[in-house]
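Residues per chain, in single letters:
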Amino acid sequence: MANTLAEASLYVLVHPCPHCQQGLRVTQQQEHVLNHPQQILFHYRCRRCEQFSQQHFEIKQPVEQNTKLPVINASPQPSQIIDLAQWVALFQTLTTKASQSNNRQESRQLGYEAALCLDEALKFYEADNDLPPSTAFFNENSRELARQHPQRFTRQQLLHWRSKLPTLAKMSDHLQQPTPQRPWWKFW
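This one's a predicted model, so the numbers in the text were calculated from it and none came from an experiment.

Novice: Describe in detail the sheet that holds strand E2 (residues 36-46), supporting the description with residues and values.
Specialist: Sheets are built from strands that pair by backbone hydrogen bonding, the pairs being arranged parallel or antiparallel. What the three strands build is an open sheet, ordered E1-E2-E3; its pairing is antiparallel. Two strands in the sheet have a free side with no partner beyond their single neighbour: strand E1 (25-33) and strand E3 (52-58). Looking at each pair of strands side by side, their axes are set apart by 25° on average, direction ignored. By the bridge criterion, seven bridges tie E2 to E3 in an arrangement that is antiparallel. Paired with His 43 across the bridge in E3 is Gln 54.

Novice: Would you mind going over unusual backbone geometry in detail, with residue names and values included?
Specialist: A positive phi angle is found at Glu 50, which is not glycine, with a value near 70°. Here Glu 50 shows up in the loop between E2 and E3. The exposure class of Glu 50 is partly exposed, given its relative accessible area of 44%. A positive phi is found at Asp 128, a non-glycine position, where the angle reads about 60°. With respect to the helices and strands, Asp 128 occurs in the loop between helix H3 (104-122) and helix H4 (140-148).

Novice: I'd love a proper account of the packing of aromatic side chains, names of residues and values included.
Specialist: Enumeration over the complete set of coordinates arrives at five aromatic pairs. Ring plane angle 85° and centroid distance 5.5 Å describe the contact between Phe 42 and Phe 57, whose orientation is recorded as edge-to-face. One end of the pair, Phe 42, is in strand E2; the other, Phe 57, is in strand E3, and 15 residues separate them in sequence. When the centroid spacing of 5.6 Å and the interplanar angle of 85° are considered together, the rings of Phe 137 and Phe 153 count as edge-to-face. Of this pair, Phe 137 sits in the loop between H3 and H4 while Phe 153 sits in the loop between H4 and helix H5 (155-163), placing them 16 residues apart in sequence. For the pair formed by Phe 137 and Phe 153, the shared burial category is buried. In textbook terms, an aromatic cluster arises when at least three aromatic residues are bridged by ring pairs, as seen for Tyr 11, Phe 42 and Phe 57. The lysine or arginine in question, Arg 25, covers the ring of Tyr 44, its NZ or CZ lying 4.4 Å from the ring centre.

Novice: Give a detailed account of helix H6 (residues 168-176), specifying residues and quantitative values.
Specialist: Among all positions of H6, only Met 171, Ser 172 and Leu 175 are buried. The buried side chains of H6 occupy one side of the element, clustering within an arc of 100° when seen end-on. For H6, the secondary structure elements touched by its buried residues are H3 and H5. Two to three positions downstream of the cap, the backbone nitrogen of Lys 170 sits 3.1 Å from a side-chain oxygen, assigning the N-cap of H6 to Thr 167.

Cut-off values and rules
Residues numbered from 1 in each chain as written. Predicted model: local features only at pLDDT ≥ 70, side-chain atom pairs only at ≥ 80, totals over all residues. Heavy atoms only, no water. Pairing = 2+ DSSP bridges. Helix = DSSP H or I, 4+ residues; strand = E, 2+ residues; numbered from the N terminus. Axes fitted to C-alpha atoms, helices over the stretch in contact; angles between N-to-C directions. Buried < 20%, exposed > 50% of the residue type's maximum accessible area, 1.4 Å probe, protein only. Phe/Tyr/Trp six-rings, centres within 6.5 Å; stacked < 30°, edge-to-face > 60°. Lys NZ or Arg CZ within 6 Å of the ring centre and 35° of its normal. Arc of directions from axis to C-beta. Contact = heavy atoms within 4.5 Å. Polar contact = N/O pair within 3.5 Å; in protein donor to acceptor, adjacent residues only side chain to side chain.

Structure below.
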């Protein structure tokens, strides 16, 4: 069960194709299940093997209607479908995309989403413990990654990455401001 539509979308991104077990899945369409507004059906295609599949999600929180700022999980509880290693991977992917984007608004949006992913990762830690519990890793790939690179999964490391980003409130303010339009005659 996904907390929000945004979390379900990220789940599809971070889990490999069920057919080839390697490819990234690209969402082709999402639709509400008839007479069940809290249920979403994702139709996606694998970039590697080209197979089409679908994934059903039940959403805990009301489905967002065209919101500019996504909400992944409003509760203090960690995700039940995306583990710590996957949140860190999403954070790193989104920050890389943000740094490579030539579009300032898109870069800000990706940075905001990356910060949300890091905040979700931090929910897995117990109070006063720098190391995550073993239950923070849901599959063998994640557990192996944590064994090979334990320094990437300390609370201190995540807090260090988070300290390099503006606060969510500041990023939210920037994203909600209208994009200024240059007069057509100004080329610079």
